[in-house]
Amino acid sequence: MVKDRLAELKGKSKYANQGPQDWASEVAMPLTRSQEEIFENLEKFAQLTAWIQTIRGNITKMRQQIGSSKFHYNDKPIRDQVEERLKENNQLCQRIYTTIRQLESDLGEDCIRTGVLFRIKNTQFLVIRDDYLSAYREHEEFVAYYEQRIMALMKLEAKAMSYNITDDEALEQLTGNQMSPFVGNLLEETERERQKLRDIMTRHSQLEALEKSLVEVRDMFVRISSLVMEQGSLVQVIEYHAQQATLNTDHGAHQLQKAREYKIKALKKRTCLLIWVSTALAVLLFLVIVF
């Protein structure tokens, strides 16, 4: 029968009086610079991912709010919530775009472009950039859907009240944030006070239209910058093919030069052969004449 010596061997081991914490202290090693950079990048990308998820979450909530059959464009609480979420999404898009540009600049300044660390950082950057562009397109699509939804409800209400409005009028009312544009003023007012009120409302609408135009210009610049960023990979592919075309052109020129040299050599050989044949025929003719 074999004797069980497990307890005896454990007692003789140098690790017998050490606990798991002692083992962890011996195994633990300081992080290298590359590992620290990887963890720093993971924190940045985790923050960007959280912002992108917030954008998509806001889009989902807004679609649920305005997609209901009970939604009406003059429902101020819901429209205020939608406008607030749209504003938050615009701010997040601008913040994400700024961060991505900074990451892209850091990658461009990286001197070592062939190492494992660079490939990891570049892969993470490409993934988060594509995810941001996808979320940004979803945001733009929702903004267009939201405006079309409000304008369609305005036209429907105007038609019910025997009042026809154009797309430009509906857009102007939407820009002016008018909650009930087809409800007349039932209060008795003097002509002077009514004119003052119209002037104030016109001025207010113009200021809001100007503010919306400035926001649209800012969003347009962000959209253009995002499109430029999206086309960056295509530009790199075009540059690569242009370099390949240059190399192939140089190689073709070299081959043409070699062909020209071969042609000259062949011409020299043919000339020598013709001279030799002519000389031989002259000698034979001379011999025939002499004899």
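Preceding block: the structure.
If you're wondering where the values come from, they're calculated on a predicted model, not measured in any experiment. (Residues numbered from 1 in each chain as written. Predicted model: local features only at pLDDT ≥ 70, side-chain atom pairs only at ≥ 80, totals over all residues. Heavy atoms only, no water.)

**Q** Describe a nonpolar patch on the surface, listing the residues and the values that go with them.
**A** Residues Leu273, Trp276, Val277, Leu281, Val283, Leu284, Phe286, Leu287 and Val290 make up a contiguous nonpolar surface patch of roughly 910 Å² in combined accessible area. Relative to the helices and strands, Trp276 is located in helix 8 (residues 232-290). On the basis of relative accessibility, which here comes to 60%, the residue Trp276 falls in the exposed class. (Patch = residues over 30% accessible without salt bridge, like charges linked within 9 Å, V, L, I, M, F, W, Y side chains within 5 Å. Areas by Shrake-Rupley, 256 points an atom, 1.4 Å probe, with all protein chains shown as cover. Salt bridge = Lys/Arg side-chain N within 4 Å of Asp/Glu carboxyl O. Helix = DSSP H or I, 4+ residues; strand = E, 2+ residues; numbered from the N terminus. Buried < 20%, exposed > 50% of the residue type's maximum accessible area, 1.4 Å probe, protein only.)

**Q** Report on the layout of surface pockets, specifying residues and quantitative values.
**A** Taken as a whole, the second largest pocket encloses approximately 350 Å³ of empty space. What lines the second largest pocket is a set of 17 residues, among which Glu104, Phe125, Leu126, Arg129 and Gln236 lie closest to the centre. Within the residue set of the lining of the second largest pocket, elements represented by two or more residues are helix 4 (76-109), helix 5 (116-160), helix 7 (191-230) and helix 8. Counted by class, the lining of the second largest pocket contains 7 nonpolar, 6 polar and 4 charged residues. (1 Å grid on protein atoms, 1.4 Å probe; cavity = no way out; pocket = protein on both sides within 12 Å on 5 of 7 lines; lining within 4 Å. Points joined across faces, edges and corners; volume = space filled by probe spheres on them. Nonpolar A, V, L, I, M, F, W, Y, C, P; charged D, E, K, R; others polar.)

**Q** Explain the environment of Leu48 to me, and be specific about the residues and the numbers.
**A** Among the secondary structure elements, Leu48 is positioned in helix 3 (residues 33-66). Here the alpha-carbon distance between Leu48 and Tyr132, two residues 84 residues apart in the chain, equals 8.5 Å.

**Q** Explain empty space enclosed by the protein to me, and be specific about the residues and the numbers.
**A** For the structure on display, the rule yields 1 cavity of 30 Å³ or more. Every residue along the wall of the largest cavity is listed here: Asn90, Cys93, Gln94, Tyr136, His139, Glu140, Arg218, Asp219 and Val222. Elements represented by at least two residues in the lining of the largest cavity include exactly helix 4, helix 5 and helix 7. Counted by class, the lining of the largest cavity contains 3 nonpolar, 3 polar and 3 charged residues.

**Q** Let's hear about the environment of Trp51: which residues, and what values?
**A** Within the element layout of this structure, Trp51 appears in helix 3. Look at Trp51 and you get buried, because its relative accessible area is 17%. Setting aside residues up to four positions removed in sequence, Trp51 forms contacts with Leu92, Arg95, Ile96 and Thr99. (Contact = heavy atoms within 4.5 Å.)

**Q** Any details on the nonpolar core? Residues and values, ideally.
**A** Across soluble globular proteins, nonpolar side chains show a tendency to be buried alongside one another. Counting 32 residues, the largest nonpolar core has Leu48, Ile96, Tyr132, Phe142 and Tyr146 as its most contacted members. Of all the secondary-structure elements, those providing two or more residues to this core are helix 3, helix 4, helix 5 and helix 7. With 12 residues, the single largest contributor to this core is helix 5. With near-sequence residues (within four places) excluded, Phe142 lies in contact with Ile59, Met62, Arg63, Ile66 and Leu86. (Core = buried A, V, L, I, M, F, W, Y, C linked by side-chain atoms within 4.5 Å.)

**Q** Hey, could you go over the pattern of salt bridges for me, with residue numbers and the actual values?
**A** Two side chains with opposite charge may pair up if their charged atoms get near one another. Counted by the stated rule, this structure contains 8 salt bridges. For Asp130, the salt bridge goes to Arg129, with nearest N and O atoms at 3.7 Å. For Arg129, a relative accessible area of 10% puts it in the buried group. Between Glu216 and Lys212 there is a salt bridge, with the nearest N and O atoms lying 4.0 Å from each other. Here Lys212 and Glu216 lie together in helix 7, a separation of 4 residues that amounts to about one turn. If you follow the salt bridges from partner to partner, you end up with Arg56, Asp131 and Glu138 in one network.

**Q** I'd like a rundown of the side chain of Gln124, residues and numbers included.
**A** Checked against the element boundaries, Gln124 lands in helix 5. Not counting residues within four places of it along the chain, the set of residues in contact with Gln124 comprises Asn41, Leu42 and Phe45.

**Q** Tell me about the packing of aromatic side chains, and please be specific about residues and values.
**A** Taken as a whole, this structure holds 3 aromatic pairs when the rule is applied. Measuring from centroid to centroid gives 6.4 Å for Phe142 and Tyr145, while their planes differ by 50 degrees, and the two rings are tilted. A residue pair is termed a helical-turn pair when its members lie 3 or 4 positions apart in one helix, as Phe142 and Tyr145 do in helix 5 at 3 residues. Using a relative accessible area of 0% as the deciding quantity, one classes Phe142 as buried. For Tyr145, a relative accessible area of 32% translates into the label partly exposed. Here the aromatic rings of Phe142 and Tyr146 are separated by 6.2 Å at their centres, their planes lie at 20 degrees, and the arrangement is stacked. (Phe/Tyr/Trp six-rings, centres within 6.5 Å; stacked < 30°, edge-to-face > 60°.)

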